[in-house]
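# Notes for the structure review
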Protein chains: 2
Amino acid sequence: MTEKPLILITNDDGVWAKGINELTNSLKQLGEVVVFAPDGPRSGMSSAITSSIPIKYTLLKKENGLTIYSCTGTPVDCVKLAVNEVLHRQPDLLVSGINHGTNVAICVNYSGTLGAAIEGCIFDVPSIGVSLTDHSAHADFSEACRLSNQLAALVLKNGLPKGTYLNLNVPDIPQVKGIKVCHQADGRWVNEYMCSANASGEPVYWLTGSFKNTYPEDQGNDTLALEEGYASLVPCKIDVTNYNYIEQLKSIITE
Amino acid sequence: MTEKPLILITNDDGVWAKGINELTNSLKQLGEVVVFAPDGPRSGMSSAITSSIPIKYTLLKKENGLTIYSCTGTPVDCVKLAVNEVLHRQPDLLVSGINHGTNVAICVNYSGTLGAAIEGCIFDVPSIGVSLTDHSAHADFSEACRLSNQLAALVLKNGLPKGTYLNLNVPDIPQVKGIKVCHQADGRWVNEYMCSANASGEPVYWLTGSFKNTYPEDQGNDTLALEEGYASLVPCKIDVTNYNYIEQLKSIITE
């Protein structure tokens, strides 16, 4: 291509988070970068969209090859607004992250980081969500940045199949062994609430809990790769249809 | 079974919406019903979860075979809190809806109605999301209730495969031809924003747009079934891994 690749970066921890800033620095060398991210934390927003109130955006910085906007919406709103109204052309790549915290297994379902990657994919932009297993504000993103850069370069070169996006999770260790291609682990969260009292003495419930892998030894699942010191990479689909069940369901419906 | 089936009902339009109330009336004859729904509209919340503030719930009604609660959280919060803390046992069925408005194709991704069904499925509860193509507050839910009742009875009898939930959409016509088992249509929303000014004269953006089906003639897609006067029923999977792409992705990563 004659012009530099256009890379859209967003996240769900907000434009001021360490993860998105380190990611931006690590991808600048690969192309023209536009950051279009929420103006504050939007963790756990999944693919939520804002439809009952309007959203707006603000230009924070414009320098050689790097433009940064903040937006009042969700991660998905950011992708929609950037692609529909702000960017001068379709991006060549979307990277969402680097999230402060793990997004493996079913967490792809709740994560705003992945919500943004799904939205990029719906727009036919090759899209990657990146997460680090450390959720602290001052986490060390150096290995996650190295692997994000490596993966971004590969995706810019090879593209991705229509309707497929990537979910990269990086363990918080000094030297990651490499990227392992995986499938999503089967499991769910358990003991999800802590009950306390509000100022009126009424019970209120705080989300907490721990993840329970249904088949921990299942070879090739993403949680296992992290435990073994690898970054896990899961190719994910927009189309959630269970094609294998269609004929059986037809026979049940016509009973 | 010796005791009546336990049916959990929720939605994303809130506990006072017409759709959930008509659904509740139509399912009461099938078992013990617990409604646990948001205290107001939560449309477009997808699988969003509330983690930075606590949530609470309120008992609104308890009569023979029917209990109704409202909750300050999202549709997914409702399912999590009900299953973790409120219900006396695991439900035999979850029905989310009836949504005021269509949730076909990629809308399964943005919908709070489907977010709740996904969450039920994660808890291994056979789960169904139901939506009507009319989004008005006073829509006619009679056909949607008739088909929801029929489908709920079939799912109570036959169950669903682990990790699979159902997405039922009913057209707003006097006589629906029946339920057609479909796959999710491929497409996306276009022209998604209307720009206006806020009180300070700054541009703000309202979500709008129209759905564009990539392959409108694709046989068996859910949007087509609705156009033909059928209710569409898509079996959907929790596991979004694109297994067909894993080997090719491995070869790209090891380049």
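Refer to the structure above for everything that follows.
Keep in mind the model is a prediction, meaning the values are calculated, not measured. (Residues numbered from 1 in each chain as written. Chains lettered and ligands numbered in written order. Predicted model: local features only at pLDDT ≥ 70, side-chain atom pairs only at ≥ 80, totals over all residues. Heavy atoms only, no water.)

## Things to note about the side chain of Glu 192 of chain A
What counts, and what does not: In DSSP terms, a helix is any run of H or I states spanning at least four residues, a strand is any run of E spanning at least two, and both are numbered starting from the N terminus. Relative accessible area decides the class of each residue, using a 1.4 Å probe on protein chains only: under 20% of the type maximum gives buried, over 50% gives exposed, and in between gives partly exposed. Contacts between residues were defined by any pair of non-hydrogen atoms, one from each residue, lying within 4.5 Å.
Residue placement: Glu 192 of chain A occurs in the loop between β9 (187–190) and β10 (193–197). Residue class for Glu 192 of chain A comes out buried when judged on its relative accessible area of 2%. When near neighbours in sequence (up to four residues on either side) are disregarded, Glu 192 of chain A contacts Trp 206, Leu 207, Thr 208 and Gly 209 of chain A together with Lys 80, Asn 84 and Phe 123 of chain B.

## Re the interface of chain A and chain B
The extent of an interface is frequently quoted as the accessible surface area lost upon association of the parts. Our working rule: Once two parts are brought into contact, the accessible area they lose, counted with a 1.4 Å probe and summed over both, makes up the buried area. Just to be clear on terms, a salt bridge is a Lys or Arg side-chain nitrogen sitting within 4 Å of an Asp or Glu carboxyl oxygen. Distance and chemistry together define a polar contact, namely a pair of N or O atoms within 3.5 Å, with one atom able to donate a hydrogen and the other to accept it when in protein, and with adjacent residues in sequence counting only for side-chain atoms on both sides. Each residue is assigned to one class: nonpolar for Ala, Val, Leu, Ile, Met, Phe, Trp, Tyr, Cys and Pro, charged for Asp, Glu, Lys and Arg, and polar for all the others, Gly among them.
Every contact between the two is made by 77 residues of chain A and, on the other side, 77 residues of chain B. Of all residues in chain A, Tyr 193, Tyr 205 and Val 240 of chain A bury the most surface against chain B, accounting for 11% of the area lost on that side. In this assembly, chain A and chain B are joined by six salt bridges. One salt bridge in this structure joins Glu 202 of chain A and Lys 56 of chain B, with 3.6 Å as the shortest N-O distance. Counting across the interface, chain A meets chain B through 29 residue pairs in polar contact (both at pLDDT 80 or more). Top element by residues in the side of chain A that touches chain B is helix α2 (residues 75–86) of chain A. It accounts for six residues. Considered class by class, the residues forming the side of chain A that touches chain B number 43 nonpolar, 19 polar and 15 charged.

## Topic: the sheet that holds strand β3 (residues 57–63) of chain B
Here is the rule we go by: A pair of strands counts as paired when DSSP detects no fewer than two bridges linking them. Between N-to-C directions, angles span 0 to 180 degrees; the directions come from axes that are lines fitted to C-alpha atoms, helices contributing only their stretch in contact.
Strand order in the open sheet made by the nine strands is β3-β4-β2-β1-β5-β6-β7-β13-β8 (chain B), with mixed pairing throughout. For this open sheet the edge positions go to β3 and β8 (179–181) of chain B, each flanked by a neighbour on one side alone. The average angle at which neighbouring strand axes cross in this sheet is 20°, direction not considered. Along the sheet face, helix α6 (residues 246–253) of chain A touches β7 (164–170), β8 and β13 (231–237) of chain B and points at about 160° away from the line of β8 of chain B. Packing against the sheet, helix α4 (residues 142–158) of chain B makes contact with β1 (6–10), β5 (93–100), β6 (127–132), β7, β8 and β13 of chain B, and its axis sits at approximately 160° to β7 of chain B.

That is the geometry; function is a separate question.
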